[in-house]
Amino acid sequence: TFSNVTPASQGPNSILIVAIDGAGNSSSPATANVTYDSIPPGAPTFTTPPASPTDSNISFVVSSSEATSGIDYYRLTGDVSGAPIDSASGSFSNIALAGQGTNTLTVFAVDNAGNTGSSTNRNVVYDTQPPGQPSVTSAPESPTDGPVSFQVTATDASSGVDFYRLTGDAVG
């Protein structure tokens, strides 16, 4: 039995084992092939990032490189329901975020030798609450014989107000 034998270099190694008798005679060698990989994979990159802000579950794809033994799986932790979540391909689908506001996703890769790489973080804003009702801050002239101008403002604590839409008795 041999233990704590370290292969000579990163990558494929052939370890030869011979039996030697009391007279010094050697057998033909047996070979034990092993891939030695003590280097962790690189931090994943988001090749298809999650939508942010969003009002629903998210999907995204990550990838990393690992030249010696290959990637075994990617692990998602952080502000997500059911964490940790593993993916062999780096594709994560229908992931529920932990709560309203900013949620941090943390992803790292583990190679086939069990080495854990550095993590990558991504913030995703989860917002299912509508903005506050707009208020008119500069009223239009009334009565008028032509187009009017006015200003409005509204607030949204999570993702901000993206745009305003006119409805009702207005054209434009």
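If you're wondering where the values come from, they're calculated on a predicted model, not measured in any experiment. (Residues numbered from 1 in each chain as written. Predicted model: local features only at pLDDT ≥ 70, side-chain atom pairs only at ≥ 80, totals over all residues. Heavy atoms only, no water.)

Caption draft 1: Representation of the pairing of strand E8 (residues 101-111) in the model. Counting buried positions along E8 gives nine out of eleven residues, so the element sits mostly inside the fold. Where E8 lies against strand E9 (residues 120-126), seven bridges are found, and the strand directions are antiparallel. Residue pairing for E9: Asn103 is matched across the bridge by Val124. (Buried < 20%, exposed > 50% of the residue type's maximum accessible area, 1.4 Å probe, protein only. Helix = DSSP H or I, 4+ residues; strand = E, 2+ residues; numbered from the N terminus. Pairing = 2+ DSSP bridges.)

Caption draft 2: Focus on the nonpolar core. Phe60, Leu76, Phe92 and Leu105 are the most contacted members of the largest nonpolar core, which has 16 residues in total. Counting residues per element, the ones that place at least two in this core are strand E4 (58-63), strand E5 (71-78), strand E7 (91-95), E8 and E9. In contact with Phe92, other than residues within four places in its own chain, are Ile58, Ser59, Phe60, Val62, Tyr74, Leu76, Ile85, Asp86 and Ser87. (Core = buried A, V, L, I, M, F, W, Y, C linked by side-chain atoms within 4.5 Å. Contact = heavy atoms within 4.5 Å.)

Caption draft 3: The arrangement of the packing of aromatic side chains in detail. This model, assessed by the stated rule, comprises two aromatic pairs. On the numbers, 5.4 Å between centres and 50 degrees between planes, the contact of Phe46 with Phe60 is tilted. Of this pair, Phe46 sits in strand E3 (residues 45-48) while Phe60 sits in strand E4; the two residues are 14 residues apart in sequence, bridging distant segments of the chain. Plain terms: the ring middles of Phe60 and Phe92 are 5.1 Å apart, the flat faces sit at 20 degrees to each other, and that makes the pair stacked. Of this pair, Phe60 sits in strand E4 while Phe92 sits in strand E7, and the two are 32 residues apart along the sequence. This pair shows no difference in class: Phe60 is buried, exactly as Phe92 is. Among the aromatic residues, those joined into a ring-pair cluster are Phe46, Phe60 and Phe92. The cationic tip of Arg122 hangs over the ring face of Phe46; the distance from NZ or CZ to the ring centre is 4.6 Å. (Phe/Tyr/Trp six-rings, centres within 6.5 Å; stacked < 30°, edge-to-face > 60°. Lys NZ or Arg CZ within 6 Å of the ring centre and 35° of its normal.)

Caption draft 4: Structural view of the pattern of salt bridges. Under the counting rule described, the total for this entry stands at one salt bridge. For the salt bridge of Arg75 with Asp86, the shortest nitrogen-to-oxygen distance reads 2.6 Å. Pair noted here: Arg75 is in strand E5 and Asp86 is in strand E6 (residues 85-87), with a separation of eleven residues, a long-range link. Residue Arg75 is classed as partly exposed on the basis of its relative accessible area of 24%. A residue is classified by how much of its surface remains accessible, and Asp86, at 41% relative accessible area, is partly exposed. (Salt bridge = Lys/Arg side-chain N within 4 Å of Asp/Glu carboxyl O.)

Caption draft 5: Looking closely at the sheet that holds E3. Read across the sheet, three strands follow the order E3-E4-E7 without closing on themselves; strand pairing throughout is antiparallel. The outermost strands of the open sheet, each flanked by one partner alone, are E3 and E7. Across the sheet, the axes of successive neighbouring strands diverge by a mean angle of 35 degrees, strand direction being ignored. In this sheet, E4 lies alongside E3 in antiparallel orientation, the contact comprising three bridges. Bridged to Phe46 within E4 is Val62. (Axes fitted to C-alpha atoms, helices over the stretch in contact; angles between N-to-C directions.)

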